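# Notes for the structure review
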Amino acid sequence: MLKHALLACALGVVLPVLALESVPTDANGRSTAAVASPDQYGAETAKLILQQGGNAVDAAIATAFTLAVTYPEAGNIGGGGFMVIWFDGQPYFLDYRETAPLAASRDMYLDSDRQVIDNLSLLGHLASGVPGTVMGMWQAHQRFGSLPWSDLLMPAIHYAEQGFVVPDNLQQYGGNALDRYEGKTNFADYFADMTAGKLFPQPELAATLHRIAERGAEEFYQGETAALIVAEMQRGDGLIALDDLRQYQALWREPLIFPWLDYQLITVAPPSSGGIALSQLLALKQLRRTDFSGQPVNSALYVHLMAEISKRVFADRADYLGDPAFTKVPQQQLLAADYLKHRADEINPKAISATEQIKPGLESPQTTHFSIIDHEGNAVSNTYTLNLDFGSGVVVTGAGFLLNNEMDDFSIKPGVPNAFGVVGGDANAIEPGKRMLSSMTPSILVRDEKVRLIIGTPGGSTIFTSIFQVINNLYDFDMSLTDAVAAPRFHHQLLPKNQIAMEPYQPLDDSVQQALNDMGYHLLLQRWNLGDIQAIQISEQGVEAVSDPRGRGKALLIKASQHQEKRP
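Conventions adopted
Per chain, residues are indexed from 1 in the order of the written sequence. Note on the predicted model: pLDDT of at least 70 is required for a residue's local features to be given, and 80 or more for side-chain atom pairs to be given and counted; whole-chain, interface and lining totals, by contrast, use all residues. Each side-chain value is derived from all of the structure's non-hydrogen atoms; neither hydrogens nor water enter the calculation. By definition, any uninterrupted DSSP run of H or I lasting at least four residues is a helix, any uninterrupted run of E lasting at least two residues is a strand, and each is numbered from the N terminus. Atoms counted for the radius of gyration: C-alpha only. Globule rule: 2.2 Å times residue count to the power 0.38. In this scheme, a residue with accessible area under 20% of its type's maximum is buried, one over 50% is exposed, and one in between is partly exposed, where area comes from a 1.4 Å probe on protein chains only. Only the protein chains shown count as covering a residue, and every accessible area follows the Shrake-Rupley method with a 1.4 Å probe. Every angle, taken between N-to-C directions, lies between 0 and 180 degrees, and every axis is a line fitted to C-alpha atoms, over only the stretch in contact when it is a helix. Here a crossing is taken to be left-handed if its near helix is turned anticlockwise relative to the far helix by less than a right angle, and right-handed if that turn runs clockwise. Contacts are residue-level and defined by heavy atoms, with any inter-residue pair within 4.5 Å sufficient. Residue polarity is assigned by list, with Asp, Glu, Lys and Arg as charged and Ala, Val, Leu, Ile, Met, Phe, Trp, Tyr, Cys and Pro as nonpolar; anything else, Gly included, falls into the polar class. A score from 0 to 100, pLDDT tells how confident the predictor is in each residue. At least two bridges found by DSSP between two strands are what make those strands a pair. Should an angle lie under 35 degrees it is considered roughly parallel, over 145 roughly antiparallel, and from 65 to 115 roughly perpendicular; all remaining angles are considered oblique. A helix is expected to span 1.5 Å for every residue after the first. We call a set of buried residues a nonpolar core when its members are Ala, Val, Leu, Ile, Met, Phe, Trp, Tyr or Cys and they connect through side-chain atoms within 4.5 Å of each other. Any pair of nitrogen or oxygen atoms within 3.5 Å is treated as a polar contact; in protein, a donor-acceptor pairing is required on top of that, and neighbouring residues in sequence qualify only through side-chain atoms on both sides. Stacked, tilted and edge-to-face pairs are distinguished by plane angle, under 30 degrees for stacked and over 60 for edge-to-face with tilted covering the rest, among Phe, Tyr and Trp rings (Trp via its six-membered ring) whose centres lie within 6.5 Å.

Once that is clear, we can look at the overall build of the chain. A count of helical and extended segments in the chain gives 20 helices and 18 strands. Here the C-alpha radius of gyration of the chain, 22 Å, is about what a compact globule of 568 residues would show, namely 24 Å. Principal-axis analysis of the C-alpha atoms places the extent of the chain at approximately 65 × 65 × 40 Å. The buried share of the chain, reckoned over its 568 residues, is 63%. On the chain, roughly 20600 Å² of surface is accessible, and the fraction owed to carbon and sulfur atoms is 49%.

As structure tokens, this is what we get:
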């Protein structure tokens, strides 16, 4: 068993956060494990678990709980997400997305005139879906875990009890959140004292994690924590009840496996739109490869062609995708070769296609991600979320954790954009027990039955376009993983009409912006960066792990012990 004394020694030293760390590859690359995490605490936790003989799933579970403490704007036990796993040469997909409470209704965020009530789906108790993270981690452990469950929560408990050093950019987010939630939620009661450079303990959260460590997922969904969640809902007229918590289950689904070049893309299926969308993006670009030939990355024509592809993908997303338990998702048709060719043929390589004419083609700022590979070649790509930074702003009194505002990911009124500007239709309308559509796209690329790339990012509707661009940088432009992740990114999603979003980290060149303006595009320099990619690449040269310079993450290589090297 891991002891608190060992953890204090192993985790107590606070290392400087590096904006970008590309770790040197091992000489032989045979048995080097790796992690790319959105913060240093998650990375150090994964390293500790792997050094203790845990596998990639053990490390992922421990990392997820650690980030629930040290990355409170997105890491969570009050949200949900998706995990893509490669284990013993086989792919798996675990859906632990949140669900709508049983008392939810289709028009719950509309007034008597059927107009959307501002912020009702974003702030406060009514914004939260039933959390899935704890059940997801529990079911992943039941199937693949090798270390005891309680051991995997010890690092998170340590950071909750002893505190973690608050980084500057978390303090900035927290300050903004204090203004956003003032007078609306109890956020300030728990996070007003969070100060950059100082330890921030969370004793109520530590007690909650202790209970979960001792009694597993049952405690969260049926025990004291469940009672605290329901009491909090009752204080703020929220909808989550004991029946919602008792009935919640994470689901093992068939992963989406899509052939691309010499690789197999292992990714998420609905209720995430990300896997279908990423597959379509990759396929459409390949079908229009002649147009891209000779075009430098992020040149004006390159950006235009990418926008032409993206707007068709987002048109399909809006009409066809939702929870497969409630709507028939035409996954096979959307990824069929003849359909993709038809969509590719619609692309105008020289001018903007009229937005009004981009129809679905079939007839009739905060999440977090980490990537891990263990010494045996097993891999986890995990994305989970509260939705926006700090979710609904509601902290479960007595339990110390934030609840999500994932109900905004439903189509609360057909044709009305959500917080990310994405529209939806009946396929993603609110229904009791339904899982809201997501853009999360944790993914793994496999070639010759071996993992070659583990990748994912936060970013709402920009998730799969960010991953798409990094993959293009790697395999079309032969960039190193470091350069591929650090390169400028942009985003187009059909609506707002003809808008291309840029990021403050590195906007497009002035000449490119001018050329795009001349074509009729509107360039928006938004306030936040596009994604926080956490990626691991495995090649003949070895292993490289990179954490996005846009965030506060850390990437580590973990060399095998002599004992691990001798395993058959």
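Okay, the packing of helix 12 (residues 274-287) against helix 16 (residues 337-346) next. Packing of helix 12 against helix 16 brings their axes to within 9 Å, and their N-to-C directions diverge by 65°. The way helix 12 lies across helix 16 gives a crossing that is right-handed. Within the contact between the two elements, helix 12 uses Gln280, Ala283, Leu284 and Leu287 and helix 16 uses Tyr339, Leu340, Lys341, Arg343 and Ala344. A class-by-class count of the residues in the contact of helix 12 with helix 16 yields six nonpolar, one polar and two charged.

Detailed reading of the predicted model is not advised wherever pLDDT is low. With 90% of its residues at a pLDDT of 70 or more, the chain has an overall mean of 90. Here residues 1-30 is a poorly scored stretch, pLDDT under 50, and it has 78 contacts once near neighbours within four places are set aside; other chains count.

Taken in spatial order, the seven strands line up as 6-3-2-10-9-1-18 in an open sheet, and their pairing is antiparallel. Where the open sheet ends on each side, the last strands, each with one partner, are strand 6 (251-253) and strand 18 (554-558). Shown here is a sheet whose adjacent strand axes are inclined to one another by a mean of 15°, direction ignored. In this structure, strand 2 (residues 80-87) lies alongside strand 3 (residues 90-96), joined through seven bridges in antiparallel fashion.

Closest axis-to-axis distance for the helix 2 (residues 40-51)/helix 3 (residues 56-70) pair is 8 Å, and the angle between their directions is 150°. Between helix 2 and helix 3, the interaxial angle falls into the category roughly antiparallel. For the pair helix 2 and helix 3, the crossing hand works out as right-handed. Across the interface between the two elements, Tyr41, Gly42, Thr45, Ala46, Ile49 and Leu50 from helix 2 touch Ala56, Asp58, Ala59, Ala62, Thr63, Thr66, Leu67 and Thr70 from helix 3.

Turning our attention to the pairing of strand 10 (residues 379-385). Taken across its seven residues, strand 10 has seven buried, putting it largely inside the fold. Of the two faces of strand 10, both are covered, the one formed by Ala379, Ser381, Thr383 and Thr385 as well as the one formed by Val380, Asn382 and Tyr384. Summarising the sheet, strand 2 and strand 10 pair through seven bridges and their orientation is antiparallel. In the strand pairing of strand 10, Met83 is matched with Asn382. Both strand 9 (residues 367-373) and strand 10 contribute to a ladder of seven bridges, which runs antiparallel. Opposite Thr367, over in strand 10, you have Thr385 as the bridge partner. Counted between consecutive antiparallel strands, the loop separating strand 9 from strand 10 contains five residues, among which Gly377 sits at a positive phi close to 90°.

Here we take up the sheet that holds strand 7 (residues 256-260). As summarised here, the arrangement of the six strands in space is 7-8-11-12-16-17, forming an open sheet in which the pairing is antiparallel. Where the open sheet ends on each side, the last strands, each with one partner, are strand 7 and strand 17 (542-547). Here the strands of the sheet are splayed against their neighbours by 20° on average, with no regard to which way each runs. Sheet topology note: the strand 8 (residues 263-267)/strand 11 (residues 443-447) ladder contains three bridges and is antiparallel. Opposite Ile266, over in strand 11, you have Ile444 as the bridge partner.

For helix 17 (residues 463-475), spanning 13 residues, the distance from its first C-alpha to its last is 19 Å, which sits close to the expected 18 Å at 1.5 Å a residue. Across the 13 residues that make up helix 17, a large majority, 13, are buried.

Inside soluble globular proteins, nonpolar side chains tend to come together where they are buried. In this structure, Phe65, Ile77, Met83, Leu209, Ile372 and Phe401 are the most contacted members of the largest nonpolar core, which totals 85 residues. Among the elements that take part in this core, helix 3 stands out by supplying eleven residues, more than any other. If we skip the residues at most four places from it in the chain, Leu209 touches Phe65, Val69, Leu153, Ala156, Ile157 and Ala160. Grouped together as the second largest cluster of nonpolar side chains are 83 residues, Tyr302, Met440, Val451 and Leu516 included.

Turning to its location among the elements, Arg343 is positioned in helix 16. Look at Arg343 and you get buried, because its relative accessible area is 3%. Looking at Arg343, its side chain comes within polar contact range of the side chain of Glu346, at 3.0 Å.

What the rule picks out here adds up to 26 aromatic pairs. Seen from their ring centres, Phe220 and Phe401 are 5.6 Å apart, and the 35° between their planes marks the pair as tilted. Taken as a pair, Phe220 and Phe401 share a single burial class, namely buried. Look at Phe370 and Tyr384: their rings are 6.3 Å apart centre to centre, the planes differ by 85°, and that puts the pair in the edge-to-face class. Taken together, the positions of Phe370 in strand 9 and Tyr384 in strand 10 put the pair 14 residues apart, joining distant regions of the chain. Relative accessible area serves as the criterion here: at 0%, Tyr384 is assigned to the buried category.

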